[in-house]
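Each chain is listed here by its residues.
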Amino acid sequence: AANILGLKELVPAYLDPTLTLQDLATGVSFASGGSGYDPLTARIVSVLSLSDQVELFKEYLNKIRQGMGEEAAATIISQSAYLICVGSDDIANTYFSTPTRRLHYDINAYTDLMARYASTFYEELYRIGARRIGVLSLPPIGCLPSQRTSGGGPNRSCSNSSNQAAQLFNSKLSAVLDSLSKTHPDALFVYLDVYNRLTSIIHNPIRYGFEVVVKGCCGTGTIEASILCTSVSDSHTCKDASKYLFWDSYHPSEKGYGILSDMVINEFAARFM
């Protein structure tokens, strides 16, 4: 999808020690898998929080200024597009899979908390210099294979509670971005709808070339994810992942990501380029 924006095929991780100044100047990723708007989400799985990622971004900006000069750095910072995808783990893992937040927040209050953290994060990006910010919505979390298994009953239907939570947060996220756009008219804060696009693929798999959308390719496809997809699960892993919307119980397959990201990036490009 990066080539749609005219970017290099692989946007490397900022923490890659082999990066050159040219790599830095043409785009890097600060993402840390498993993080969330809620700082607790990152702490639970020992990954970098959004605050940690912002600090790395500030470090990156200093390297750009030192290597290219203030004027060139200012142009790169203000004219770059910033794409953010975060929040699913807050709902699926921190809220529904652990008791800590549920003891103190119902889902409405928790999504309010997420929205406040989101607003603070995007306000900070603006303060640092970002002006073109695209934010992906949450997907239909309840239709991910793992959530079907844990919350979809014996028929593994989509989990209504997870989907409702995602929709609730999405409405608040959209409102946050609208508010920021009004407060900062010199910037673009764009809500990018993943929820309805992924729902369309799930409801119309044949149209998109998929045969299986209720489980992943890896292992049983119902609960394994990430590091649990190992040689131990190979005997159960599908032979052709392109027929599956999901690779494991939580993440789309390469083909799934390709179709979904093209949809989102096309909108992103239309708004920003």
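Residues numbered from 1 in each chain as written. Predicted model: local features only at pLDDT ≥ 70, side-chain atom pairs only at ≥ 80, totals over all residues. Heavy atoms only, no water.

Going by what an unreviewed UniProt entry lists, the chain is known as GDSL esterase/lipase EXL3 and is assigned to Linum tenue. Database annotation for the chain, UniProt heading Sequence similarities (unreviewed entry): "Belongs to the 'GDSL' lipolytic enzyme family." (UniProt positions renumbered as here; feature names shortened; annotations may be inferred.)

Quick notes on the packing of aromatic side chains
Taken as a whole and judged by the stated rule, the model has 13 aromatic pairs. With 5.2 Å between their ring centres and 35° between their planes, Y14 and F30 make a pair best called tilted. Residue Y14 is found in the segment before α1 (21-25), and its partner F30 is found in the loop between α1 and α2 (39-45); the two are separated by 16 residues along the sequence. Side by side, Y14 and F30 carry an identical accessibility label, which is buried. A centroid spacing of 6.5 Å and a plane angle of 40° characterise the contact between Y126 and F189, whose relative ring orientation is tilted. Taken together, the positions of Y126 in helix α6 (residues 107-128) and F189 in strand β3 (residues 188-192) put the pair 63 residues apart, joining distant regions of the chain. With respect to burial, Y126 and F189 carry one shared label: buried. Grouped by ring-pair contacts, the aromatic residues Y14, F30, F57, Y60 and Y82 constitute a single cluster. The aromatic ring of Y126 is capped on one face by R131, whose charged end is 3.7 Å from the ring centroid. The ring of F210 is capped by K255, whose NZ or CZ atom sits 4.9 Å from the centre of that ring. (Phe/Tyr/Trp six-rings, centres within 6.5 Å; stacked < 30°, edge-to-face > 60°. Helix = DSSP H or I, 4+ residues; strand = E, 2+ residues; numbered from the N terminus. Buried < 20%, exposed > 50% of the residue type's maximum accessible area, 1.4 Å probe, protein only. Lys NZ or Arg CZ within 6 Å of the ring centre and 35° of its normal.)

Details of the sheet that holds strand β1 (residues 81-84)
The strands that make up a sheet are held in pairs by hydrogen bonds between backbone atoms, and each pair lies either parallel or antiparallel. Reading across from one edge, β1-β2-β3 is the order of the three strands in this open sheet, with parallel pairing throughout. Single-partner strands in this sheet number two, and they are β1 and β3. On average, adjacent strands in this sheet sit at an angle of 20° to one another, irrespective of strand direction. Pairing of strand β2 (residues 132-136) with β3 involves five bridges; the strand directions are parallel. Across the sheet, L136 pairs through a bridge with L192, a residue of β3. (Pairing = 2+ DSSP bridges. Axes fitted to C-alpha atoms, helices over the stretch in contact; angles between N-to-C directions.)

A few points about the nonpolar core
Y37, Y60, Y122 and I133 are the most contacted members of the largest nonpolar core, which has 68 residues in total. Ranked by the residues each element gives to this core, the list is headed by α6, at ten residues. The residues contacting Y122, other than those within four sequence positions of it, are Y37, I84, V86, I133, V135, L173, L177, L180 and F189. (Core = buried A, V, L, I, M, F, W, Y, C linked by side-chain atoms within 4.5 Å. Contact = heavy atoms within 4.5 Å.)

Let's talk about the side chain of N163
Inspection of the secondary structure puts N163 in helix α8 (residues 160-183). On the basis of relative accessibility, which here comes to 9%, the residue N163 falls in the buried class. Of note is the side chain of N163, whose polar atom sits 2.7 Å from the backbone nitrogen of G142. (Polar contact = N/O pair within 3.5 Å; in protein donor to acceptor, adjacent residues only side chain to side chain.)

Description of helix α10 (residues 254-272)
Helix length check: α10 (19 residues) gives 25 Å between terminal C-alpha atoms against 27 Å at 1.5 Å per residue, within 8%. G256, L260, V264, I265, F268, A269 and F272 are the residues of α10 that are buried. Summarising the contacts, the buried residues of α10 are in contact with β1, β2, β3, α9 (195-203) and β5 (244-246). (Expected span 1.5 Å × (residues − 1).)

As for the state of the cysteines
Summed over the entire model, instances satisfying the criterion amount to two disulfides. Residue C143 pairs covalently with C158 via a disulfide, S to S 2.1 Å. When the S-S torsion is 115°, as for the bridge of C143 with C158, the disulfide is right-handed. Of this pair, C143 sits in the loop between β2 and α7 (145-151) while C158 sits in the loop between α7 and α8, and the two are 15 residues apart along the sequence. (Disulfide = S-S within 2.5 Å.)

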